[in-house]
Amino acid sequence: MAGTEIRETQNYNAVEGQEREVPTECAGMRLDQALARMFPEHSRSRLAAWVKQGQVKLDHAAVDTKRKVWGGERVTLAALPEPREKPLQAEAIALAIVHEDEALLVLNKPAGLVVHPGSGNWQGTLLNGLLHHHPPLAAIPRAGIVHRLDKDTSGLLVVAKTLEAQTDLVRQLQARTVKRQYLALVHGAVTRDGSVDAPIGRHQTQRTRMAVSEHGRAARTHYRVLERYAQATLLECSLDTGRTHQIRVHLQSIGHPLVGDPVYRAGRGAAVGPLANFKRQALHAYRLGLVHPVSGAAMQWEAPLPEDMRALLEAIAT
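Everything numeric here is computed off the predicted structure, so don't read it as measured data. (Residues numbered from 1 in each chain as written. Predicted model: local features only at pLDDT ≥ 70, side-chain atom pairs only at ≥ 80, totals over all residues. Heavy atoms only, no water.)

1. Points about the sheet that holds strand E2 (residues 18-21)
Within the open sheet, the four strands sit side by side as E2-E5-E3-E4. Their pairing is antiparallel. Bordering the open sheet on either side are E2 and strand E4 (61-62), each of which pairs with just one other strand. Relative to strand E5 (residues 74-77), E2 is paired through four bridges, and the arrangement is antiparallel. Considered in E5, the bridge of Arg20 is made with Val75. (Pairing = 2+ DSSP bridges. Helix = DSSP H or I, 4+ residues; strand = E, 2+ residues; numbered from the N terminus.)

Next up, the structure:
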């Protein structure tokens, strides 16, 4: 199992040992400027990072990016691949598996676990754990993951164990026959059940955020009031679409952001007591339903509230 890996790119090539002479036309340039001319196949930010890491040598000595070159020096590039270019490794990560058979597995993801490797999270993800749990997933795109949950959203997630099952589940998601229901604790008093039908796209200025946007992709969220508290409301949410941060964006757009959401949050001073101290968005994917890709049977699973959300509801109910 330790050797299981999955390659995310076809360009997994170390660039160790490249050595080039600084051309005379670079005389008087700073090293970073000269490197951009000499190694155009690499981005400036990548080259600068390699210099900072000591992976670039000038006449066999480490230097900084501001050092000037005059032509004739020998530049040695002994860099390692970017994390995104490395094979993804299997890691022994505990998985709370709710159901598993020959075609799929369903697990209850804890808050704090990243689903898929990405910037700043190249190890310790659900994908790494899946490769350890079932090594043949290395042959399936994204290790069988067909939908995601945000890092700090807990709850149910399905993974395909075969290509055929993955294709079937993706088609079910596209046909909106996969039923996903969430429990969401939001700020304020939601007076009645309702729906939010508003397109979601990338925020115009804050590119790590999403927002309701007329230029976004169609998105629809339904919500039902389960219980009201003094300063918050517990909702059951269901999705017709699966846009990034959909529930978080939609509920914020109607003035009821999720308790604890660090990105789509209420204004300063809106939360007090236990609501102010909750450390993640209060969102849990508690019910998942789909048609089994092999048997054709309708299946459904539920995951109880995690301890942190359960304790929060108890605290605000008193």
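2. Here we look at the pairing of strand E10 (residues 179-187)
The side chains of a regular strand alternate, residue by residue, between the two faces of the sheet. Burial analysis of E10 places eight of its nine residues in the buried class, the great majority of the element. Judged from the six bridges that link them, E10 and strand E16 (residues 283-291) form a sheet pairing that is antiparallel. Note on E16: the bridge partner recorded for Leu183 is His284. One ladder, built from seven bridges, connects E10 with strand E15 (residues 232-239); its direction is antiparallel. Considered in E15, the bridge of Ala184 is made with Leu235. (Buried < 20%, exposed > 50% of the residue type's maximum accessible area, 1.4 Å probe, protein only.)

3. A word on the pattern of salt bridges
A full pass over the atoms with the stated rule returns 14 salt bridges. Notably, a salt bridge pairs Arg224 with Glu236, separated by 3.3 Å at the nearest N-O pair. In this pair, Arg224 is assigned in strand E14 (residues 220-228) and Glu236 in strand E15, connecting sequence segments 12 residues apart. For Arg224, a relative accessible area of 38% corresponds to the partly exposed category. Between Arg280 and Asp308 there is a salt bridge, with its nearest N and O atoms 2.8 Å apart. Placement of Arg280 in the loop between helix H6 (274-277) and E16 and of Asp308 in helix H7 (residues 307-317) is noted, with a sequence separation of 28 residues between them. Judged by its relative accessible area of 5%, Arg280 is buried. Given the relative accessible area of 33%, Asp308 is considered partly exposed. (Salt bridge = Lys/Arg side-chain N within 4 Å of Asp/Glu carboxyl O.)

4. Thoughts on the environment of Ala49
Mapped onto the fold, Ala49 is located in helix H2 (residues 44-52). Given the relative accessible area of 28%, Ala49 is considered partly exposed. Along the backbone, Ala49 and Thr65 are 16 residues apart, and their C-alpha atoms lie at a distance of 9.5 Å.

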